[in-house]
Amino acid sequence: MNGSTSPLLRHQAWILLAAGLVFFTNLGAYPLFDEDEPKNAVCGKEMFERGDWIVPTFNHDLRTDKPILIYWVMLTSFHLFGVSELTARLGSSVLAIGASLLTYHLGRKLFDAQTGLYAGLILCTCLMFSAVGRSVTPDATLIFCTTLAFTAYVWAVARRHGGRFGRTAEGSADRRNWEQFLPATRLGNVAMYAAMGLAVLAKGPVGVVLPCAIVGMFLLVRWRGDRLIDGSLAAPTGGWWRTWPIAILQTFNPVRIASASWKMRVLFGTLVVAAVALPWYTAVGIQTNGAWLAGFFGQHNVGRFLEPMENHRGPIVYYIPVLLLGTFPWSVFLPVAVWRLIRRLREGGPDAAALTFLACWAGVWITFFSFAQTKLPNYVLPTYPALALIVAVFLRDWLREVDPSSSAIFRLGCRTLGGVGVLMLIGLPIGLHIFLPAERWLGLLGLIPLVGAGFAFGCLQRRQPQIAVRGLFVMAVMLAVGITGFASTRVGRHLEAPLFAAEARRIARTDTPEVVTYEYFTPSLVFYVGGRVDKLGQPEEVGQYFADHPAGFVLTREDRLSNLEPLLPEGVKVLARQPRFLRRHELVILGRETTQVAARPADIR
């Protein structure tokens, strides 16, 4: 094995080890968490049982929330290994590991192998990313596809220039013309646009619109820089209130946008995207008489952007705290890493093109969803690889240029990390005492960032910055595994749906009991009951249900029993009770006993 290949394999092995621990530890050891996990899993399960690869349904009704790719991933897993929580989540975990490896290769081409290694490890240990990489949601699928598209773009450009994306020669600060940041041939665009086609199958139009906008923004920014340097474009003067509008008009005029789009071969790319995504969209439109297309594009795309849905609203700065929480523990360095990036963009240098690309990636995506009326933390997850690379560049530069000022910043980050650990040690037991008193010990997870911060701080005091950074990576892996792999397993024991479904199967002595709900519903109940779960709207409907379904069960809130008891047929009683997850009231299951069931109501806690 030659010297150039060995680091490549070694770095990928480290990322595989860390990501494997994060995404596979206890992956199937806890139930599906409401709301999104069971909705998606039930869709995949129902499609699997029907042998249908086209039309997604939830509770046997058409579901228009998400396109097909997440279900295809699940269906593949179900056909290979059967239906379970593990196999439902398996595809997301594999794709999350893939995104971590792609981020490594992005870092290699944009900067160097060390930066790529740091970025891959940072990404897989970000709190939000480590959670969605273990969840039955389309987020890991979309992140993988968009990261694949950007990796294909960066590799095509780098291949055109001897393996280097932004530098004309090793260590050179010479600039390339903006047109040189395009793939040389149509073939070089195929992989990028094909990945965008997959992203459209994962999430819809956002999978192609935003990646194209990001690449286009990068090209336009490079074009303006070229014109300022060669003197063909005059830099506006005056205060920021004057220079910024003029700069925007200079850069984003329609002629320039059309020119950049033509150079990007957008028309050719549209054909590639259509070849990948259009067959399924056409098939689902035909099979549902257009109902799926109308629901998805009208309600879940245009509707979500124009109006807040399901009360998911927020101010324009909504994603600032969301990103700080979602990228923890690395968010302790994120603000200063962004500040350093802005400063380096102003100074120029060999990495200016790569840093500009990352700034466009994160900036365009976050800005777009900041103006959308519906806001959710997962909407900006595709920016996490870019943010991981930005933090990785900061750590790389800090290790190369350790000085008193940068060391002070690193110490501040360690103090912040330790402070969060102390807050976890205090706050988690208090919150768990209220909702899950049996799990108060999970507050000890705060020791991981506290000890990790102390170790890194001590290494810096002993002038061992490399060991300090390695210690932070070990801490981040332990924290991600502790929260997503072990805490989720303990918390999942208190979810009511699998417990009630098991109790209904025990009483009914069948794997598919008849269950309905009254003034209560949780999507995971559909997955664990194994059949359709209807919702009753009026107390009279409960009595009629038991008259029509003698072996059926009704799941409801205990505080609704007073309205129901006068209407219940003879023999119907409370068979089991369970506290509702993270709520202050209990749930009960109503039904008739069999001769094999004890006379007193069961407590299934």
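None of these values were measured; they are calculated from a predicted model. In this numbering scheme, every chain counts its residues from 1 along its sequence in written order. Restriction of local features to residues with pLDDT of at least 70 applies here, the model being predicted, together with a cutoff of 80 or more for giving and counting side-chain atom pairs; totals for whole chains, interfaces and linings are based on all residues. Side-chain calculation: all heavy atoms of the structure are included, whereas hydrogens and water are not.

A.B. asks: What's the story with the environment of Arg108 in this structure? I'm lost.
C.D. replies: Strands are runs of DSSP state E lasting at least 2 residues, helices are runs of H or I lasting at least 4, and numbering of each runs from the N terminus. Along the chain, the position of Arg108 falls in helix H4 (residues 85–110). Taking the C-alpha atoms as reference points, Arg108 and Phe165, 57 residues apart in sequence, are found 9.7 Å from one another. Polar contact is the term for a pair of N or O atoms within 3.5 Å; when the atoms are in protein, one must be able to donate a hydrogen and the other to accept it, and sequence-neighboring residues count only if both atoms are side-chain atoms. Reaching out from Arg108, the side chain makes a polar contact with the side chain of His105 at a distance of 3.2 Å.

A.B. asks: Could you clarify how one ought to interpret the nonpolar core in this entry?
C.D. replies: A general trend in soluble globular proteins is that nonpolar side chains are found buried together. Think of a nonpolar core as a cluster: buried Ala, Val, Leu, Ile, Met, Phe, Trp, Tyr and Cys residues, connected wherever their side-chain atoms sit within 4.5 Å. Only protein chains enter the area calculation, which uses a 1.4 Å probe; residues under 20% of their type maximum are buried, those over 50% are exposed, and those in between are partly exposed. Judged by nonpolar contacts, the single largest core of 172 residues is most densely connected at Leu110, Phe129, Tyr153, Phe165 and Phe410. The element best represented in this core is helix H17 (residues 384–400), accounting for 13 residues. The residues touching Phe165, leaving out its near neighbours within four places in the chain, are Lys109, Leu110, Tyr153, Val154, Val157, Ala158, Arg176, Phe181, Phe218, Ala353 and Ala354. Contacts: residue pairs with any heavy atoms within 4.5 Å of one another.

A.B. asks: Explain the side chain of Glu439 to me, please; I cannot follow it from the model alone.
C.D. replies: As for its position among the elements, Glu439 is in the loop between helix H18 (404–435) and helix H19 (447–461). We classify Glu439 as buried; its relative accessible area is 1%. Setting aside residues no more than four positions away along its own chain, Glu439 makes contact with Leu432, Arg490, Arg493 and His494.

A.B. asks: Even after reading the chapter, I still don't get the confidence of the model for the chain, so can you show me in this structure?
C.D. replies: It should be kept in mind that the predicted coordinates are not to be read in detail where pLDDT is low. For every residue, the pLDDT score states the predictor's confidence, bounded by 0 at the bottom and 100 at the top. Per-residue confidence for the chain gives a mean pLDDT of 90, with 91% of residues at or over 70. Here residues 595–600 is a poorly scored stretch, pLDDT under 50, and it has seven contacts once near neighbours within four places are set aside; other chains count.

A.B. asks: Even after reading the chapter, I still don't get the packing of aromatic side chains, so can you show me in this structure?
C.D. replies: Two numbers describe a pair of aromatic rings. These are the distance of the centres and the angle of the planes. Here a pair means two rings of Phe, Tyr or Trp (six-membered ring of Trp) with centres within 6.5 Å. Their orientation is stacked below 30 degrees between planes, edge-to-face above 60, and tilted elsewhere. If you walk through the whole model with that rule in mind, you get 31 aromatic pairs. Both rings, one in Tyr545 and one in Phe546, keep their centres 5.7 Å apart while their planes meet at 65 degrees; by these two values the pair is edge-to-face. There is no split in this pair, since Tyr545 and Phe546 are both buried. Taken together, the ring pairs in this structure connect Phe150, Tyr153, Phe165, Phe181, Phe218, Phe357 and Trp361 into an aromatic cluster.

A.B. asks: Looking at this model, I keep getting lost on the packing of H18 against helix H20 (residues 465–492). Mind explaining?
C.D. replies: Each packed pair of helices is defined by two parameters, the angle between the axes and the distance between the axes. Orientation is described by axes fitted as lines to C-alpha atoms, over the contacting stretch for helices, and by angles from 0 to 180 degrees between their N-to-C directions. With their axes 13 Å apart at the nearest point, H18 and H20 run at an angle of 25 degrees to one another. Relative to H20, the element H18 lies roughly parallel. Like other packed secondary-structure pairs, H18 and H20 cross with a definite hand, here left-handed. Contacts from Phe410, Leu417 and Met424 in H18 reach Ala468, Val469, Leu472, Met475 and Leu479 in H20. When residues are sorted by character, Ala, Val, Leu, Ile, Met, Phe, Trp, Tyr, Cys and Pro go into the nonpolar class, Asp, Glu, Lys and Arg into the charged class, and all the rest, Gly among them, into the polar class. Class assignment for the residues of the contact of H18 with H20 results in eight nonpolar, no polar and no charged. The scheme is simple: roughly parallel for angles under 35 degrees, roughly antiparallel for over 145, roughly perpendicular for 65 to 115, oblique for anything else. By definition, turning the near helix anticlockwise from the far helix through less than a right angle yields a left-handed crossing, and turning it clockwise yields a right-handed one.

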